[in-house]
Every structure is written in C-alpha cells, then in structure tokens.
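# Coordinate analysis (summary)
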Amino acid sequence: MWSGINPKDQITWFLEVLPALIGAAVLAATYRSFALTPVLYLLILMHCVILMIGGHYTYAEVPFFDGLFGAERNNYDKLGHFFQGFVPALIAREVLIRKCVVNGRGWLNLFVICVALSFSAFYELIEWWIAVISGAGAKAFLGTQGYIWDTQSDMAFALVGAMSSLVLLSRYHDRQIRIVTGPSTR
C-alpha cells in the first residue's frame, strides 16, 4: 500500500506494479493446485517489493542509488532486472522439475536460462510498446536515463540473475521441492 501513496507518477506506478499484481493473482489462483516452495514465495515477495519501490519513485529516482559505486546514473533498474532473471529462473526451474518436463540437469539449466531470458526480452518489448503508444510520457517508465545500451544491459543483468540463482540456490531449492512434493521428485 505504501508504494501507491503519492507516487512520483501515478501511471508509471501502475505500469511498474502491474506485474506484481498479476503475479499475486496467479499465485492466489494456483495455490491449492500447485503450491510453490517457501523459498520461491519469499523471492517472489522480494521481487514484488523491488517493483513497488521502483514504481513509487520511478526507477531512475530511487533514493540511495544515485551515483552508487561512482555510476553516472541511478542503477536501481539493474537490481530490478537482476531479480527479473533470478526469480523467474527459479519459478521455471520448479515448474520444469515438478512437471517432469526435461531430463537431466544440463537440459534443465538450459531451459531455465532460456525461460528467464525470454521473460526479460518480453518485458523489454512491453516497455517498447508502451513507449510507442504513450509517446513522450514513457520516459519515466523506460528509465533509460540516456544510456543507449539500457535494453541490452537490462537483459544481461537478467541473464546474470538467472545464472546466479542456479548456482546459488539449486541444491537448496531441490531440498525444498522434495519437502513440498515428497521424495519422488528430484
């Protein structure tokens, strides 16, 4: 609720938090039929908080990220795009494992990375479509801050996020999946 109280720009706020609202609706609708692991719910919540903070201030103006580590721009959006790879990778991983879609860890990791990158690329396309439709009003939503490689670096941060989630959390995630589903899955 805090995020929606007097945001910098109401339309930008709505566009930035809409994915979190859609995600919450999907999680509520599927909770009984396909409950996720506790670690995944926690990470989804963290990602939603990042989206809502970015929506409240706009990604280019989040406090404490101006000039961080000597940067010339506010890089809060890079944190958001890192999580845009990190969290969807684990969502894809859990669905692929629990639905027995692929065999072998190599194929699993490949498909997880592909899903995370596809998700990131689709989000960049949505940003572009909104920019085309809204014209000059899209500047706050796009948040490029004059950086011509913003789209490419956003997808690179999502890739790093996806790979990081696999390296850092796969074993722990496997244990959580076994707890949720029983020992028959992974």
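Relevant structure appears above.
Residues numbered from 1 in each chain as written. Predicted model: local features only at pLDDT ≥ 70, side-chain atom pairs only at ≥ 80, totals over all residues. Heavy atoms only, no water.

### Describing the overall build of the protein
Put simply, the test is: Secondary structure follows DSSP: runs of H or I at least 4 residues long count as helices, runs of E at least 2 residues long count as strands, and numbering of each begins at the N terminus. Between the two quantities, the radius of gyration covers C-alpha atoms and the globule rule is 2.2 Å times the number of residues to the power 0.38.
Counting secondary structure elements, the protein contains six helices and zero strands. Starting at the N terminus and walking to the C terminus, you meet the elements of the protein as α-α-α-α-α-α. Relative to a compact globule of 186 residues, whose C-alpha radius of gyration would be 16 Å, the protein shows 17 Å and is just as compact. Expressed as lengths along the three principal axes of its C-alpha atoms, the size of the protein is roughly 55 × 30 × 30 Å.

### Remarks on the packing of aromatic side chains
Geometry of an aromatic ring pair is reported as the spacing of the ring centres plus the angle between the planes. Applied cut-off: Side-chain rings of Phe, Tyr and Trp (the six-membered ring for Trp) are treated as a pair once their centres are within 6.5 Å; stacked means planes under 30 degrees apart, edge-to-face means over 60, and tilted covers the remaining angles. Only protein chains enter the accessibility calculation, which uses a 1.4 Å probe. A residue is then buried if its area is under 20% of the maximum for its type, exposed if over 50%, and partly exposed in between. We call a charge positioned over a ring when the NZ of a Lys or the CZ of an Arg lies within 6 Å of the ring centre and within 35 degrees of the ring normal.
Per the stated rule, a full pass over the model turns up nine aromatic pairs. Judged by centre distance (5.5 Å) and plane angle (40°), the rings of tyrosine 59 and tyrosine 76 are tilted. Taken together, the residues span a long stretch of sequence, with tyrosine 59 in the loop between helix H2 (38-57) and helix H3 (76-98) and tyrosine 76 in helix H3 at a distance of 17 residues. According to the relative accessible area criterion, tyrosine 59 is buried, its value standing at 8%. Assessed through its relative accessible area of 3%, tyrosine 76 is described here as buried. Grouped by ring-pair contacts, the aromatic residues Tyr59, Phe65 and Tyr76 constitute a single cluster. A cation sits over an aromatic face here: arginine 98 above phenylalanine 34, 4.0 Å from the ring centre.

### Remarks on the environment of arginine 105
Relative to the assigned elements, arginine 105 resides in helix H4 (residues 105-134). Relative accessible area serves as the criterion here: at 36%, arginine 105 is assigned to the partly exposed category.

### A short note on the nonpolar core
To be explicit about the condition: What is meant by a nonpolar core is a set of buried Ala, Val, Leu, Ile, Met, Phe, Trp, Tyr and Cys residues, joined one to another through side-chain atoms within 4.5 Å. The contact definition used throughout considers only heavy atoms, calling two residues in contact when any of these lie within 4.5 Å.
Leu43, Ile44, Phe86, Val87 and Leu90 are the most contacted members of the largest nonpolar core, which totals 18 residues. Elements that contribute at least two residues to this core include exactly H2 and H3. A per-element tally of this core places H2 first, with seven residues. Setting aside chain neighbours within four positions, we find valine 87 in contact with Leu40, Leu43, Ile44 and His47. If you look at the next biggest cluster of nonpolar residues, it comprises eleven residues, including Leu96, Leu108, Val112 and Ala162.

### Side note on the side chain of serine 120
Locating serine 120 in the fold gives a position in helix H4. Leaving out residues up to four positions away in the same chain, serine 120 has contacts with Gln84, Asp154, Met155 and Ala158.

### Some details on the pattern of salt bridges
Put simply, the rule is: Any Lys or Arg side-chain nitrogen located within 4 Å of an Asp or Glu carboxyl oxygen qualifies as a salt bridge.
Following the criterion strictly, the structure yields seven salt bridges and no others. A salt bridge links lysine 78 to aspartate 150; its shortest N-O distance comes to 3.0 Å. One end of the pair, lysine 78, is in helix H3; the other, aspartate 150, is in helix H6 (residues 150-181), with 72 residues separating them in the sequence. Each member of the pair, lysine 78 as well as aspartate 150, carries the same accessibility label: buried.

### Examining unusual backbone geometry
Although it is not a glycine, asparagine 6 adopts a positive phi angle of roughly 50°. Phi angles above zero are rare outside glycine, and cysteine 100 is one such case at about 55°. Owing to a relative accessible area of 60%, cysteine 100 belongs among the exposed residues under this scheme.

### Looking at the packing of H2 against H6
Here is the rule we go by: Between the N-to-C directions of two axes lies an angle of 0 to 180 degrees, each axis being a line fitted to C-alpha atoms and, for a helix, fitted only over the stretch in contact. For classification purposes, an angle smaller than 35 degrees is called roughly parallel, one larger than 145 roughly antiparallel, one from 65 to 115 roughly perpendicular, and anything else oblique. Following the grouping adopted for this structure description, the nonpolar residues are Ala, Val, Leu, Ile, Met, Phe, Trp, Tyr, Cys and Pro, the charged ones are Asp, Glu, Lys and Arg, and the polar ones are all others, Gly among them.
Relative to each other, H2 and H6 sit at 120°, their axes nearing to 8 Å. Looking at the two axes, H2 sits oblique to H6. Contacts from Pro38, Val39, Leu40 and Leu43 of H2 reach H6 at Leu169, Tyr172, His173, Gln176 and Val180. Of the residues in the contact of H2 with H6, the class split is seven nonpolar, two polar and no charged.

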